[in-house]
Amino acid sequence: MDERERLNRLRWRCTRRAMLEMDLLLGDFLDKEFSALTAEQADAFIVLADMEDLELWPLINGSRECADSVQAEVLALLRHVRVK
């Protein structure tokens, strides 16, 4: 699978969520910030994007701690995304 196809699949996972808020947040993050991530952070974002909304939302809003330090970095970046 080439990089363009991988990015299209990731975009689908980020924008076809159960919660509209997650669609907007993850989609905007993908558009605005993903290309600036390190390879390790990009992999962590992909893992986060694969989580169910009810599992991911508490990590984003800070009501649950993240044990993985790289995922925690990405979550901190997600918290600062300005949604359109």
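Refer to the preceding data block for the structure.
Because the structure is predicted, anything quoted here is derived from the model rather than measured.

Caption draft 1: Spatial organisation of helix H5 (residues 69-78). Turning to H5, its buried residues number three or more, namely Val 70, Gln 71, Val 74, Leu 75 and Leu 78. End-on view of H5: buried residues confined to an arc of 140°, all on one side of the axis. Looking at the buried side of H5, the elements it contacts are helix H2 (20-32), helix H3 (39-49) and helix H4 (53-61).

Caption draft 2: A look at the packing of aromatic side chains. Under the defined criterion, the tally for this structure stands at two aromatic pairs. Seen in terms of ring centroids, Phe 34 and Phe 45 are 5.7 Å apart; in terms of plane orientation they differ by 55°. Their pairing is tilted. Residue Phe 34 is located in the loop between H2 and H3, and its partner Phe 45 is located in helix H3; the two are separated by 11 residues in the primary sequence. Like Phe 34, the residue Phe 45 is buried in the burial classification. Here the aromatic residues Phe 29, Phe 34 and Phe 45 are joined through ring pairs into a cluster of three or more.

Caption draft 3: Just a negative patch on the surface, in detail. Taken together, the side chains of Glu 40, Asp 43, Asp 68 and Glu 73 define an acidic patch exposed on the protein surface. Relative to the elements of secondary structure, Glu 73 occurs in helix H5.

Caption draft 4: Here's a closer look at the packing of H3 against H5. Interaxial distance between H3 and H5 falls to 9 Å at its minimum, and their mutual angle equals 80°. In terms of axis orientation, H3 runs roughly perpendicular to H5. Here Glu 40, Gln 41, Ala 44, Phe 45, Val 47 and Leu 48 of H3 lie close against H5, whose contacting residues are Val 70, Gln 71, Glu 73, Val 74, Leu 75, Leu 77 and Leu 78. In terms of residue class, the contact of H3 with H5 is built from nine nonpolar, two polar and two charged.

Caption draft 5: Layout of the packing of helix H1 (residues 3-15) against H3. Packing of H1 against H3 leaves a shortest axis separation of 10 Å and a crossing angle of 40°. When the axis of H1 is compared with that of H3, the two are oblique. Pair H1 / H3 crosses with left-handed handedness. Counted together, Arg 6, Leu 10, Arg 13 and Cys 14 of H1 and Phe 45, Ile 46 and Ala 49 of H3 form the full contact between these two elements. Broken down by class, the residue content of the contact of H1 with H3 amounts to five nonpolar, no polar and two charged.

Caption draft 6: Inspection of the nonpolar core at higher detail. Leu 10, Phe 45, Leu 56, Leu 75 and Leu 78 are the most contacted members of the largest nonpolar core, which totals 25 residues. Counting residues per element, the ones that place at least two in this core are H1, H2, H3, H4 and H5. With six residues, H3 is the largest single contributor of residues to this core. The residues touching Leu 56, leaving out its near neighbours within four places in the chain, are Arg 17, Met 22, Leu 26, Leu 48, Met 51 and Leu 75.

Reading the values: the criteria
Numbering of residues begins from 1 in every chain and follows the order in which that chain's sequence is written. Only residues with pLDDT of at least 70 get local features here, since the model is predicted, and only at 80 or more are side-chain atom pairs given and counted; chain-wide, interface and lining totals rely on the full set of residues. Only hydrogens and water are set aside when side-chain values are computed; all heavy atoms of the structure are taken into account. Three labels apply to residues, based on accessible area from a 1.4 Å probe with only protein chains included: buried if under 20% of the type maximum, exposed if over 50%, partly exposed otherwise in between. A run of DSSP states H or I qualifies as a helix once it reaches four residues; a run of E qualifies as a strand once it reaches two. Both are numbered from the N-terminal end. Taking the helix axis as origin, the arc is that swept by the directions to the C-beta atoms. In this analysis, two residues are considered to be in contact whenever any of their non-hydrogen atoms come within 4.5 Å of each other. Two rings belonging to Phe, Tyr or Trp (six-membered ring only in the last case) form a pair when the distance between their centres is within 6.5 Å. Interplanar angles under 30 degrees mark stacking, angles over 60 mark edge-to-face geometry, and anything in between is tilted. Two distance rules govern patches: like charges are joined within 9 Å, and nonpolar side chains (Val, Leu, Ile, Met, Phe, Trp, Tyr) within 5 Å, applied only to residues with over 30% relative accessible area and no salt bridge. Only the protein chains shown count as cover for residues, and the accessible areas themselves come from Shrake-Rupley with a 1.4 Å probe. Here, a salt bridge means any side-chain nitrogen of Lys or Arg that lies within 4 Å of a carboxyl oxygen of Asp or Glu. For this count, His and the chain ends are skipped, Lys and Arg are scored as positive, and Asp and Glu as negative. Where a charge lies is defined by one atom per residue type, namely NZ (Lys), CZ (Arg), CG (Asp) and CD (Glu). Interaxial angle, 0 to 180 degrees, is taken between N-to-C directions of lines fitted to C-alpha atoms, where a helix line uses only the stretch in contact. Orientation categories follow fixed angle ranges, with anything under 35 degrees roughly parallel, anything over 145 roughly antiparallel, 65 to 115 roughly perpendicular, and all other angles oblique. Three classes are used, and their members are as follows: Ala, Val, Leu, Ile, Met, Phe, Trp, Tyr, Cys and Pro are nonpolar, Asp, Glu, Lys and Arg are charged, and the others, Gly among them, are polar. Each crossing is labelled by how the near helix is turned from the far one, with a counterclockwise turn of less than a right angle marking it left-handed and a clockwise turn marking it right-handed. What we call a nonpolar core is a set of buried Ala, Val, Leu, Ile, Met, Phe, Trp, Tyr and Cys residues that are connected through their side-chain atoms within 4.5 Å.

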